[in-house]
There are 2 protein chains.
Amino acid sequence: MLKRERISNNVIRRLPMYLRKLDELIAQEVDRISSNELGRQMGLTPSQIRQDFSCFGEFGQQGYGYRVLDLREQVARILGMNEHLNVVIIGVGNLGHALIENMHFSQLGFQITAAFDSNPEKIGDHISGVTVFSSDKLVEWLKANPTDIAVLTVPQNVAGDVAKTVAECGVRGIWNFTNIDLDLSNTNVFVENIHFSDSLLALSYYIGDKSRERTE
Amino acid sequence: MLKRERISNNVIRRLPMYLRKLDELIAQEVDRISSNELGRQMGLTPSQIRQDFSCFGEFGQQGYGYRVLDLREQVARILGMNEHLNVVIIGVGNLGHALIENMHFSQLGFQITAAFDSNPEKIGDHISGVTVFSSDKLVEWLKANPTDIAVLTVPQNVAGDVAKTVAECGVRGIWNFTNIDLDLSNTNVFVENIHFSDSLLALSYYIGDKSRERTE
């Protein structure tokens, strides 16, 4: 337990990347892989990979490498994919809609239990099997249905209030798409932000850099 | 130039975070800020901040700190926000639609010049001033209108082909929402991926970790 708490955020952030790569290897029917080869395919050094996995226990065998299926199972477990976390989507605009339809939550081990929207025209809709309820019912619903994660795809002007509400109702994590910094510092709620603009600006930097290499 | 190429990805990824913080400070009418205070507000060490900015030149003054407006301008410039990069959106499903409507591309210095979709019912639509053209016109359009960035919000089964097409038409960067690893290794195109699932799984890890702290 103590060991686990010291794991750096950089390692945590690499775990889903390992998962994607391992799923790809499984699809290619690769049984085992060395840290050298895994590193080559992922652009990491073999020692980085061995170090990452050693944070969680001994998964590999010297001279043999990693069993792909075993390692995938361990990574999935560490990420909490076996815990059947419950997810609600708050805000069923285009983005909320897209997430429900296109993100394969259940394949990742999550279960979308409900969606909420304040637009009366959307209430009662079913999107890929998920029912849209009125935002007015949110508190009541969360109290009756303990929920692990709230996905925030609401307009910015209500984001703070909605976040406070779900925190008070015992939600443990907020997946925040609103580009607003939520202040939940006096709660136990973990906030994970998707900042689209950060990603776009990084892209902008990298293509700018390249074009300068060519022209200067 | 040489100096610039050595800048680590971690520094680049922090630049948009600085930008957001600086915009917040400007909104609060803060004129200048020390690396100590900036670090405190961003959860970074002052020396980390000084190191990050020193990659790009000398922006601060010892004992005085950073002028917020100047620093914001420099960060924006470094990120290419003054270059008026042209963007097309390919795939106007819910996600493409949400990006056009909710991402403030122009505030970030980008210009959406067109959107494309293969659904005849969407062709000719105007979304927040952006016209949707037929995917059949994509190649012709890109050849006539040099484009910096293509946003890929198409279904997975066509993602690879579309990426190849836009690369051949001279697009310099792809913002890839398809969760498919695009193989453009033999081109100069930079691919920036948005992997929603990586973010959700990190959230899952962090809330799992916390709940274990409470219960064990």
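Below you will find a few notes about this structure. (Residues numbered from 1 in each chain as written. Chains lettered and ligands numbered in written order. Predicted model: local features only at pLDDT ≥ 70, side-chain atom pairs only at ≥ 80, totals over all residues. Heavy atoms only, no water.)

1. Regarding the packing of aromatic side chains
The description of two aromatic rings rests on the distance between their centres and on the angle between their planes.
Then comes step 1: Counted according to the given criterion, the structure contains 25 aromatic pairs over all chains.
Then comes step 2: Plain terms: the ring middles of A:Phe190 and B:Tyr206 are 4.5 Å apart, the flat faces sit at 15° to each other, and that makes the pair stacked. One end of the pair, A:Phe190, is in strand 9 (residues 190-193); the other, B:Tyr206, is in helix 9 (residues 196-215), on a second chain.
Then comes step 3: Note on B:Tyr206: relative accessible area 13%, which makes it buried.
Then comes step 4: Judged by centre distance (5.7 Å) and plane angle (75°), the rings of B:Phe116 and B:Trp141 are edge-to-face. (Phe/Tyr/Trp six-rings, centres within 6.5 Å; stacked < 30°, edge-to-face > 60°. Helix = DSSP H or I, 4+ residues; strand = E, 2+ residues; numbered from the N terminus. Buried < 20%, exposed > 50% of the residue type's maximum accessible area, 1.4 Å probe, protein only.)

2. Considering helix 5 (residues 68-78) of chain A
Residue and element names in this part refer to chain A.
Then comes step 1: For helix 5, every residue scored as buried is listed here: Val68, Leu71, Val75, Ala76 and Ile78. When helix 5 is viewed along its axis, its buried side chains cluster within an angular range of 160° and face the same direction. Exposed and facing more than 90 degrees away from the buried side of helix 5 are Leu69 and Glu73.
Then comes step 2: Two residues or fewer past helix 5, Gly80 is found with a positive phi of approximately 85°. (Arc of directions from axis to C-beta.)

3. Examining the side chain of A:Thr153
Residue and element names in this part refer to chain A.
Then comes step 1: Turning to its location among the elements, Thr153 is positioned in the loop between strand 7 (149-152) and helix 8 (156-168).
Then comes step 2: Within the local environment of Thr153, its side chain forms a polar contact with the backbone oxygen of Gly91, the two atoms lying 2.6 Å apart.
Then comes step 3: Among residues more than four places away in sequence, those in contact with Thr153 are Ile89, Ile90, Gly91, Leu95, Gly96, Leu99 and Phe177. (Polar contact = N/O pair within 3.5 Å; in protein donor to acceptor, adjacent residues only side chain to side chain. Contact = heavy atoms within 4.5 Å.)

4. Looking at the sheet that holds strand 4 (residues 111-117) of chain B
All names here are of chain B.
Then comes step 1: Read across the open sheet, the 7 strands follow the order 5-6-4-3-7-8-9; overall the sheet is mixed. Each edge of the open sheet carries a strand with a single partner, namely strand 5 (126-127) and strand 9 (190-193).
Then comes step 2: As paired elements, strand 8 (residues 173-176) and strand 9 share 4 bridges and run parallel to each other. Across the sheet, the residue bridging to Trp175 is Glu192, located in strand 9. (Pairing = 2+ DSSP bridges.)

5. A few points about the relation of the copies chain A and chain B
Mapping one chain copy onto the other needs a rotation about an axis and a shift along that axis.
Then comes step 1: Once chain A is rotated about the relating axis by 180° and shifted along it by 0.0 Å, it coincides with chain B to within an RMSD of 0.0 Å. Both copies are brought into coincidence by an operation consistent with a two-fold rotation axis. Taking C-alpha positions as the reference, the residue of chain A nearest the rotation axis is A:Asn94, at 2.4 Å.
Then comes step 2: Interface overlap between copies: 100% of the residues of chain A at the interface are likewise at the interface in chain B, consistent with a symmetric, same-surface contact. (Least-squares fit on C-alpha atoms with pLDDT ≥ 70 in both.)

6. Side note on the pattern of salt bridges
Residue and element names in this part refer to chain A.
Then comes step 1: What the rule picks out here adds up to 16 salt bridges over all chains.
Then comes step 2: Residue Arg67 is joined to Asp70 by a salt bridge in which the shortest nitrogen-to-oxygen separation is 4.0 Å.
Then comes step 3: Judged by its relative accessible area of 43%, Arg67 is partly exposed. (Salt bridge = Lys/Arg side-chain N within 4 Å of Asp/Glu carboxyl O.)

7. A few points about the sheet that holds strand 7 of chain A
Residues and elements named next belong to chain A.
Then comes step 1: Strand order in the open sheet made by the 7 strands is 5-6-4-3-7-8-9, with mixed pairing throughout. In this open sheet, the two strands that pair with only one neighbour each are strand 5 (126-127) and strand 9.
Then comes step 2: Relative to strand 7, strand 3 (residues 85-90) runs parallel, the two sharing 4 bridges. Bridge pairing links Ile90 to Leu152 in strand 7.
Then comes step 3: On top of the sheet, helix 8 reaches strand 3, strand 7 and strand 8 (173-176); it is set at about 175° to strand 7, its chief contact. (Axes fitted to C-alpha atoms, helices over the stretch in contact; angles between N-to-C directions.)

8. Observations concerning the interface of chain A and chain B
Then comes step 1: Counting from both sides, the interface comprises 65 residues of chain A and, opposite them, 65 residues of chain B.
Then comes step 2: Carbon and sulfur atoms make up 62% of the surface buried where chain A meets chain B, a total of about 5800 Å² over both sides.
Then comes step 3: Its largest share of buried area at the contact with chain B, chain A owes to A:Leu200, A:Tyr205 and A:Tyr206, together 13% of the area lost on that side.
Then comes step 4: For the pair chain A and chain B, the number of links is 2 salt bridges.
Then comes step 5: The salt bridge partner of A:Asp198 is B:Arg20, with a shortest N-O separation of 2.6 Å.
Then comes step 6: At the junction of chain A with chain B, the criterion picks out 15 residue pairs in polar contact (both at pLDDT 80 or more).
Then comes step 7: Every element with two or more residues in the side of chain A that touches chain B is listed here: helix 1 (2-5), helix 2 (9-27), helix 6 (94-102), strand 8, strand 9 and helix 9 (196-215) of chain A.
Then comes step 8: The greatest single-element share of the side of chain A that touches chain B, amounting to 19 residues, is contributed by helix 9 of chain A.
Then comes step 9: Per-class residue counts for the side of chain A that touches chain B are 33 nonpolar, 14 polar and 18 charged. (Buried area = accessible area lost by both parts, 1.4 Å probe. Nonpolar A, V, L, I, M, F, W, Y, C, P; charged D, E, K, R; others polar.)

9. Some remarks on the side chain of B:Lys21
Residue and element names in this part refer to chain B.
Then comes step 1: Examined against the element boundaries, Lys21 turns out to sit in helix 2 (residues 9-27).
Then comes step 2: You can call Lys21 buried: its relative accessible area is 12%.
Then comes step 3: If near-sequence neighbours (up to four positions away) are discounted, Lys21 is found in contact with Leu38, Gln41 and Met42.

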